[in-house]
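Results of the structural survey
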There are 2 protein chains.
Amino acid sequence: MVEKKAKSKNHKAETPERMDIRTIARAANVSIATVSRTINRVATVNPTMAKRVWDVIGELDYFPNTQARALVSGRSKIFGLIISEITNPFFPELLQGFEDVAVENGYEILVSSTNYDTSRMYQCIRRMIERKVEGVAIMTFGIEAPLLDQLAKRNVPLVFIDVGPQSPGVSVLKVDYHHGIRQGVQHLAALNHKDIAFISGPLNLHSAQSRTAAFTYSLKECGITPSPKWIIEGDHTLDGGIAAMEKLLATNPQPTAVMCSNDMTAIGVLHKLNRAGLRVPDDISVIGFDDIHIAQVTIPPLTTVRMSGFSLARSAFAALRAHVENPEASTPQREYPIQTDLIVRESTGSPRNTRAQKSKRRRQ
Amino acid sequence: MVEKKAKSKNHKAETPERMDIRTIARAANVSIATVSRTINRVATVNPTMAKRVWDVIGELDYFPNTQARALVSGRSKIFGLIISEITNPFFPELLQGFEDVAVENGYEILVSSTNYDTSRMYQCIRRMIERKVEGVAIMTFGIEAPLLDQLAKRNVPLVFIDVGPQSPGVSVLKVDYHHGIRQGVQHLAALNHKDIAFISGPLNLHSAQSRTAAFTYSLKECGITPSPKWIIEGDHTLDGGIAAMEKLLATNPQPTAVMCSNDMTAIGVLHKLNRAGLRVPDDISVIGFDDIHIAQVTIPPLTTVRMSGFSLARSAFAALRAHVENPEASTPQREYPIQTDLIVRESTGSPRNTRAQKSKRRRQ
DNA sequence: CTGAAAGCGCTAACAA
DNA sequence: TTGTTAGCGCTTTCAG
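Everything in this summary refers to the structure shown in the same document. All figures in this text were calculated on a predicted structure; none of them were measured in a lab.

Points about the pairing of strand β3 (residues 135–139) of chain A
Residue and element names in this part refer to chain A. Within β3, five of the five residues are buried, which leaves the element mostly enclosed by the surrounding structure. Pairing between strand β1 (residues 78–83) and β3: five bridges, direction parallel. Across the sheet, Leu81 pairs through a bridge with Ala137, a residue of β3. Note that β3 and strand β4 (residues 158–161) share three bridges and pair parallel. The residue bridging Ala137 from the neighbouring strand is Val159, located in β4.

Here's what the structure looks like:
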């Protein structure tokens, strides 16, 4: 208390002089409460004082300590984001979108990839809870049951993709797989393909099942009977795509087109096909799913069903935010629709033998 | 103070009963200090009590509040990680590596991509400082000067790639670009290429200059004079690769091989070449840099210089950790070497016309 | 070896 | 409108 007026003694580099709210208050000759109010833009602060405070803050390069704020306010301003694997290019795009909106709104984000590993998932949850996230977006395209207990018990708002537990605080992003996949199938059918294969994602993922279902449904709709031997379970990876295509190549007859549950699979397929000496789309057509950036420059550029990572990210953030800012509101929107659309590029074309038939028909 | 002994009144779902250290202490019949010590594995805790505490913790699913811990201990256990763009697949691989080690060591990580945007960079710094990161890894492959002031002023340990300010608390990861690039050039020379082009990264990046220098040096070493018109500045993106290759195609004569400053550029090049009707490696060879996962399945699979994102991540973490755990130690290692190596795949081969010469020579 | 108590930097009543 | 003060949940002396 003795030196309470020791304003600007300004010794050169003496103590590392901690930069806290008190330092600012002293330098601006106001109470810490006023500094706090200024920072938080409380309307009742006298503009003159506010300016004084802001000036000091700018001069001293003061940044409020988020930990302290969080502790007292009970709001960490952190959202968790759980994805399956960061090395699949779809997710970085999603992450980028999430980061954009989050930062824009003063939130920080805790990313974590599970790599389909259960122990990592538990670790994830622990990290999220310890850091007191205000909500978590589970963008793994498959429910990870164990996530629920701990998080739900603590009333942490959650967003899932496709399906989530029916409970307050959880929203779900409803992806309309059907629309894009149906466009893809029809595109193929219009090209005269009848022998169309599908490489799915891991079937324990709900999203993989939905995509497969959308595929078979659309196929039937075109009057084509799905052949089980042409529906292969993949795992959404490059290698999975290669392996699946290998199996498909072993069937007889071989399909003239293959749709893939995601772009990474399709890229693996393209690679395998090239290895096998088959040309795309002359010998066989392929369609991907996701429309990751790189799909534009594959050889040939990939026809694919676009599901925007940015939309997913934006909606996920919006959902979380809605719950946080407005906890008990009259059931804030709980479902968010996500569109999918076919992007036609160059990996699809008419099958060779049917092209002949086509010309024949034309002549009739 | 009246109800200090109201131990386990245990009403059913009355208050959301906050789960804090006090709750645990009460349930285990010990003081909060003991709980704290138990959690922090202080050796002096009586094993019997410790067990009792751990049991209660497990039963109640208690997770210590990191904010509070950070506030009082002054250690946030967070490292910042700044990268240029998360959508370049090299960075997710790096991020994954960083996440692995970080989590393993109880650290959380604050990722942030600058997208080469200055205002985002400032934002980055603010976020890092506000969240009180204990150190930051700046993996942008180019110094972002403004980062220094604020961070350095606060004595935040930093790791850079290639070059960083000579000051205590900053380490640098010295990438040996020369080794891998030289291997690449020699590989090409051995294949009989003489007309070799190079597509660099943005030249304001130190790393881009180093790579370019390594290239020209290695070229001369092989007795080839670098031709300025075959050294093009790219920007490390797909589109940049396409644009650069377009320029190269316009030169006369055209180069018979092109080395790229990163794999994304090379993939763009592959695409452009395919569009131009040129075959790789028959008409022209291409070499990338990074060895991102996808380089294995490009068409053709890409010969590239491998720089391991995992190694970078591990070393970056180690450097940061060394400074944090051991602040004043006798100058902890300040430079960490990173190796690069050529991975030969199928995008390189002998140029067509020289192949003829070669056979001729053989006959002599 | 254990407990009581003093804060960490900040926000949010409550007074003035 | 501004200042005083009591904590937020935890770690860490300092006594016992």
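As for the packing of aromatic side chains
Two measures describe an aromatic ring pair: the distance that separates the ring centres and the angle between the ring planes. Residue and element names in this part refer to chain A. One pass over the full model with this rule turns up 18 aromatic pairs over all chains. Judged by centre distance (5.4 Å) and plane angle (75°), the ring pair of Phe79 and Phe317 falls under edge-to-face. Placement of Phe79 in strand β1 and of Phe317 in helix α12 (residues 309–325) is noted, with a sequence separation of 238 residues between them. Of the two residues, Phe79 and Phe317, both sit in the buried class. Taken together, a centroid distance of 5.9 Å and an interplanar angle of 75° make the contact between Phe98 and Phe317 edge-to-face. Of this pair, Phe98 sits in helix α5 (residues 90–104) while Phe317 sits in helix α12, and the two are 219 residues apart along the sequence. Across this residue pair, the class does not change: Phe98 and Phe317 are buried. Taken together, the aromatic side chains of Phe79, Phe98, Tyr107 and Phe317 make up a single cluster linked through ring pairs. One residue, Lys229, lies across the ring of Trp230, its end atom 4.6 Å from the ring centre.

A few points about the protein's contact with DNA strand C
The full set close to DNA strand C counts 26 residues, and Ile21 and Tyr62 of chain A together with Thr34, Arg37 and Met49 of chain B are the nearest of them. Sugar plus phosphate: this is where 68% of the atoms of DNA strand C within 4 Å of the protein reside. Contact distances for DNA strand C include 2.8 Å between a phosphate oxygen and a backbone N or O atom of Asn46 of chain B. For the surface near DNA strand C, the elements supplying multiple residues, two or more each, are α1 (21–28), α2 (32–39) and α4 (66–73) of chain A together with α2 (32–39) and α4 (66–73) of chain B. Of the residues forming the surface near DNA strand C, the biggest block, four residues, is contributed by α2 of chain A.

So, how was this worked out
- Residues numbered from 1 in each chain as written.
- Chains lettered and ligands numbered in written order.
- Predicted model: local features only at pLDDT ≥ 70, side-chain atom pairs only at ≥ 80, totals over all residues.
- Heavy atoms only, no water.
- Buried < 20%, exposed > 50% of the residue type's maximum accessible area, 1.4 Å probe, protein only.
- Helix = DSSP H or I, 4+ residues; strand = E, 2+ residues; numbered from the N terminus.
- Pairing = 2+ DSSP bridges.
- Phe/Tyr/Trp six-rings, centres within 6.5 Å; stacked < 30°, edge-to-face > 60°.
- Lys NZ or Arg CZ within 6 Å of the ring centre and 35° of its normal.
- Near = heavy atom within 4 Å.
- Polar contact = N/O pair within 3.5 Å; in protein donor to acceptor, adjacent residues only side chain to side chain.

Bear in mind that shape data such as this cannot, by itself, settle questions of function.
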